[in-house]
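An overview of the molecular structure
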Amino acid sequence: MNSENFSLIVHGGAWSIPDAAVADCRSGIHSSLEAGRKVLSHGGSALDAVEAAIVVLEEDITFDAGIGSHLNRDGRVQLDAIIMDAVTLKAGAVAAVERIKNPIRLARKLLESSSHMMLTGAGAELFAQESGIPLCDPSELIIERERTAWLRCREGNHESEFHFGHRHGTVGAVARDSRGRLAAGTSTGGTCCKFPGRIGDSPLIGCGCYADADAGAVSCTGHGEAIMKVVMAKSAVDLLRTGASAAAAATESVQLLARRTQSTGGLILIDREGHPAAWFNTPRMAYGYIEVDGSFRVLPE
Ligand code: GLY
């Protein structure tokens, strides 16, 4: 927590980010922190800060979320997102949407104005229309870099160099506002060439995201099918609940992922006192947080 009494940490995915992509990742993380801090420093809520921080990352083609996401087997972008309020334990989640530019905004709308917690595909897009959130043409989410990567993946193996800079660039944010309220969110385009309709960990409560005012709030990144097996976000919150420090909860949750699934990933979290922490078992993770003195710490360096 900084001198202004709020906390913020954001991520843009854990994987082997090449040197040439580091500057873009850092720039995106910095912009996301600025958007979240603007909300929090004006007394805004943790939910508003998480939404604002993630919108910036969804609109940055560096990351695998929103525009610039990986294409599925059929050459379409299908997006997943979730946002969760630690006070009420209510989440809003959308999955496999193809006509939404900022799925985190749709997830927030679901959290605020529906008794449901998750909608998929056509139902989620109908909810968007009825809620006044505009639909885009699916082609607006596709960029040339990803179409090229998809074509090459279809010809051969899913080599990381086909996905320059963001092979696992799921994004997320966790905030604690000046009133002590916690929230977390996660947004992703999922894996390249995924089967149509495949949904990863990101929009699943407890897997890609969890937030409980009694303990803390978490956003995850990494191999979705593995993260689901260990319900990683809820595992981290449960460690905080039993008294683990923020750093220990982050580290032990990723160790659990590695030990039980032999897979890779990372997470960011904030405990109920406002301490941020991050851990990952990939070569690098793009993330950043606000230091105690109010400055930004942005990684990788
Ligand atoms: N962690 C993102 C996904 O697997 O879809």
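This one's a predicted model, so the numbers in the text were calculated from it and none came from an experiment. (Residues numbered from 1 in each chain as written. Predicted model: local features only at pLDDT ≥ 70, side-chain atom pairs only at ≥ 80, totals over all residues. Heavy atoms only, no water.)

So, about the overall build of the protein. A count of helices and strands for the protein gives eight helices and twelve strands. Relative to a compact globule of 301 residues, whose C-alpha radius of gyration would be 19 Å, the protein shows 17 Å and is just as compact. Once the C-alpha set of the protein is aligned to its principal axes, its extents read approximately 50 × 45 × 35 Å. For the protein, with 301 residues in total, the buried portion stands at 58%. Sequence separation of 24 or more characterises 69% of the internal contacts of the protein that already satisfy a separation of 6 or more. Side chains of the protein carry 29 positive and 36 negative charges; the gap between the two charge centres is 3 Å. (Helix = DSSP H or I, 4+ residues; strand = E, 2+ residues; numbered from the N terminus. Rg over C-alpha atoms; globule rule 2.2 N^0.38 Å. Buried < 20%, exposed > 50% of the residue type's maximum accessible area, 1.4 Å probe, protein only. Contact = heavy atoms within 4.5 Å. Lys, Arg positive; Asp, Glu negative; His and termini not counted. Charge placed at Lys NZ, Arg CZ, Asp CG, Glu CD.)

Taking 1.5 Å of rise per residue, the 23 residues of helix α1 (residues 19-41) would be expected to cover 33 Å, and the 33 Å separating its terminal C-alpha atoms lies within 8% of that figure. Within α1, burial applies to A21, V22, C25, G28, I29, S32, L33, A35, G36, V39 and L40. Looking at the buried positions of α1, the neighbouring elements they touch are β1 (7-15), α2 (46-58), β5 (171-176), β11 (284-290) and β12 (296-299). Positive phi appears at G43, one or two residues downstream of α1, with a value of about 85°. (Expected span 1.5 Å × (residues − 1).)

Next up on the list: unusual backbone geometry. The omega torsion of the bond from L299 to P300 falls at 0°, within 30 degrees of zero and hence cis. Residue A96 is not a glycine yet carries a positive backbone phi of 55°. Within the secondary structure, A96 is located in strand β3 (residues 91-97). A96 sits in the buried class, given a relative accessible area of 11%. Of note, the phi angle at Q262 is positive, near 55°, even though the residue is not glycine. Relative to the elements of secondary structure, Q262 occurs in the loop between α8 (246-261) and β9 (265-271). Owing to a relative accessible area of 65%, Q262 belongs among the exposed residues under this scheme.

Our focus in this paragraph is the pairing of strand β8 (residues 216-222). Where a strand is regular, its side chains alternate between the two sheet faces. The element β8 is extensively covered by neighbouring structure, given that seven of its seven residues are classed as buried. Of the two faces of β8, the one holding G216, V218, C220 and G222 and the one holding A217, S219 and T221 are both buried throughout. Alignment of strand β7 (residues 209-212) against β8, held across four bridges, turns out to be antiparallel. Residue D212 lies in a different strand from β8, and its bridge partner there is G216. Hairpin geometry of β7 and β8 is characterised by an intervening segment of three residues between the two adjacent antiparallel strands. Inspection of the sheet shows β8 paired to β9 by seven bridges, in the antiparallel sense. (Pairing = 2+ DSSP bridges.)

What follows concerns the site of the ligand. Surrounding the ligand, one finds T170, T188, G190, R198, G200, D201, S202, G222 and G224. Here an oxygen atom of the ligand sits 2.7 Å away from a polar atom, N or O, in the side chain of R198. A distance of 2.6 Å is found between a nitrogen atom of the ligand and a side-chain nitrogen or oxygen belonging to D201. Summarising the interface, the protein chains cover 98% of the accessible area of the ligand, which totals 200 Å² for the free molecule. Classifying every residue of the shell around the ligand gives no nonpolar, seven polar and two charged. (Near = heavy atom within 4 Å. Polar contact = N/O pair within 3.5 Å; in protein donor to acceptor, adjacent residues only side chain to side chain. Areas by Shrake-Rupley, 256 points an atom, 1.4 Å probe, with all protein chains shown as cover. Nonpolar A, V, L, I, M, F, W, Y, C, P; charged D, E, K, R; others polar.)

Now for the pairing of β9. When you tally the buried positions in β9, you get seven out of seven residues, the bulk of the element. Residues G265, L267, L269 and D271 line one face of β9 and the alternating positions G266, I268 and I270 line the opposite face, and both faces are buried. Bridge count for β9 against strand β10 (residues 276-280) is five bridges, and the pairing is antiparallel. Bridged to L267 within β10 is W279. Turn length for the β9-β10 hairpin, with the two strands adjacent in sequence and antiparallel, is four residues, and the turn residue G274 shows positive phi of about 100°.

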